[in-house]
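# Residue-level structural notes
Now for the letters of each chain:
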Amino acid sequence: MDGAWCNRRAVLGGLAGTALVGLTPRIAGAENATPARLTALLDSRRDDPHPDLKGVVVLRHGRRIAEAYYNGDDATTLHDIRSATKSLTSLLMGIAIDRGRVAGVDAPIARYLPGPLPAGWEAITIRDLLTMRSGLAADDTDPASPGNEDTLDEAGEKTGDWATALAVPVREPPGRTYQYCSLNAFLVGLIVERATGQSLDRLAQESLFDPLGIRAHDWRTLPGGHGTGQGNLSITARDAATIGQMVLNGGTYKGRRVISQRWLSDSLARIHPIAASDPYADFYGYMWYAKDEPVGDGRTVPVHFASGNGGNKIYAVPSLDLVVAITSSAYGKGYGQRRSQDILLSILKAMP
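Here we summarise the structure given alongside this text. (Residues numbered from 1 in each chain as written. Predicted model: local features only at pLDDT ≥ 70, side-chain atom pairs only at ≥ 80, totals over all residues. Heavy atoms only, no water.)

Its boundaries defined by the atoms lining it, the second largest pocket holds a volume of some 170 Å³. Val-57, Leu-59, Gly-62, Arg-63, Arg-64, Arg-238, Ala-241, Thr-242, Gln-245, Asn-249, Tyr-253 and Lys-254 are the residues that line the second largest pocket. Mapped by element, the contributors of at least two residues to the lining of the second largest pocket are strand 1 (53-60), strand 2 (63-69) and helix 8 (237-248). Sort the elements by how many residues they give to the lining of the second largest pocket and helix 8 lands first, with four residues. (1 Å grid on protein atoms, 1.4 Å probe; cavity = no way out; pocket = protein on both sides within 12 Å on 5 of 7 lines; lining within 4 Å. Points joined across faces, edges and corners; volume = space filled by probe spheres on them. Helix = DSSP H or I, 4+ residues; strand = E, 2+ residues; numbered from the N terminus.)

Here you go:
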């Protein structure tokens, strides 16, 4: 868990001019990437001294061109992607909004949550949760914070429900300060459940996984029956890559619309700069990250990604029509994030 809780060618043309595609021109010759070169690159990772890298899957133009599994995993292994789950919870919010079950990102969260709520919650919008700017007194790095994920998890295990999550006080007015915390994602998931009348797990299976052909997964359920929008979704590395492909496609998969293009464009927009507090990301959107990564000769490409503890990643690179999914069990170990970024950079530099 992250802490105790978390633990196309046609498509690119269709997205031209959105936040996802059209910001960076294609790199000349990128179509000629050699699968054999990538396979050798991934095989070199078998010498990693840390036995917790699990899988890497690379998609190009919607086709799998390289993959490798390590340390006992294979193509069928379900793997806990930890906080990368938050990005999927954001997708489910998009589905709820597309279906008219949630009014939109500017709707107050109090409209969808059971009361009474602490003073100040009435000013918080769904957008504030999605961008980690709720203003709630929730800091996952501070054990003394009322909304610390470990504190909330321990209370929930004792009482059998998560009422304490709805009692966290407001620290400051919403919309001001980015403060990454799992509470925001839990609340997004709770709102989706209450608005749709479905559990996160069931909604995901029906509206996201089935259209993508994802047949096997496991998603933790809290003692009170609510889903963990903040983490603990287990899927295969191949299926993580499939989700990345749908995102790269602007919400479609094999010609079927799964989520609106507008939601994907808004979700991946560079809403809030976070480089000062996160060495692996430049911007945060609706629970999706963005960073310009080097590809050599002083050039960079924009990369959008979901990120979880231990180095779990779903990377989408529009200008290269590329998806890279990485699964890793280096939970709580700093090298996990560094290793995944190194793998991504090596793949980007392998693109001719």
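Glancing now at the packing of aromatic side chains. Under the defined criterion, the tally for this structure stands at five aromatic pairs. Centre to centre, the rings of Trp-263 and Tyr-286 are 5.2 Å apart; their planes meet at 40°, and the pair counts as tilted. You can see Trp-263 sitting in helix 9 (residues 261-267) and its partner Tyr-286 sitting in the loop between strand 9 (283-284) and strand 10 (289-296), a full 23 residues away along the chain. No difference in accessibility class separates Trp-263 from Tyr-286, as the two residues are buried. An aromatic cluster is defined as three or more aromatic residues linked by ring pairs; in this entry it consists of Tyr-178, Tyr-284, Tyr-289, Phe-305 and Tyr-315. (Phe/Tyr/Trp six-rings, centres within 6.5 Å; stacked < 30°, edge-to-face > 60°. Buried < 20%, exposed > 50% of the residue type's maximum accessible area, 1.4 Å probe, protein only.)

Looking now at the nonpolar core. Core analysis: the largest hydrophobic core is formed by 105 residues, its most contacted members being Leu-91, Met-93, Leu-183, Leu-208 and Ile-347. Ranked by residues supplied to this core, first place goes to helix 6 (residues 182-196) with nine residues. Look past the residues within four positions of Leu-208 in its chain and what remains in contact with it is Leu-88, Leu-91, Leu-92, Leu-203, Met-246, Val-258 and Ile-259. (Core = buried A, V, L, I, M, F, W, Y, C linked by side-chain atoms within 4.5 Å. Contact = heavy atoms within 4.5 Å.)

Here we have eight strands laid out as an open sheet, ordered 2-1-13-12-11-10-9-8, and antiparallel in their pairing. The open sheet terminates on both sides in strands that have one partner only, identified here as strand 2 and strand 8 (272-273). Relative to strand 13 (residues 322-328), strand 1 runs antiparallel, the two being bridged by seven bridges. Across the sheet, residue Val-57 finds its bridge partner in strand 13, namely Ala-325. Lying on the sheet, helix 10 (residues 334-350) is in contact with strand 1, strand 10, strand 11 (299-308), strand 12 (312-317) and strand 13; it crosses strand 10 at an angle near 50°. (Pairing = 2+ DSSP bridges. Axes fitted to C-alpha atoms, helices over the stretch in contact; angles between N-to-C directions.)

Quick look at the pairing of strand 2 now. Note that strand 1 and strand 2 share six bridges and pair antiparallel. If you follow Gly-55 over to strand 2, its bridge partner there is Tyr-69. Hairpin remark: strand 1 followed by strand 2, antiparallel, with two residues in the connecting loop; positive phi at His-61, about 55°.

A pair of packed helices is captured by two measures, namely the crossing angle of their axes and the spacing between those axes. Where helix 3 (residues 85-98) contacts helix 7 (residues 200-212), the two axes come as close as 10 Å, and the packing angle between them is 75°. The angle between the axes of helix 3 and helix 7 places the two elements in the roughly perpendicular class. Residues Leu-88, Leu-91, Leu-92 and Ile-95 of helix 3 form the contact with helix 7, whose participating residues are Leu-200, Leu-203, Ala-204, Ser-207, Leu-208 and Phe-209. Looking at the contact of helix 3 with helix 7, its residues break down into nine nonpolar, one polar and no charged. (Parallel < 35°, antiparallel > 145°, perpendicular 65-115°, else oblique. Nonpolar A, V, L, I, M, F, W, Y, C, P; charged D, E, K, R; others polar.)

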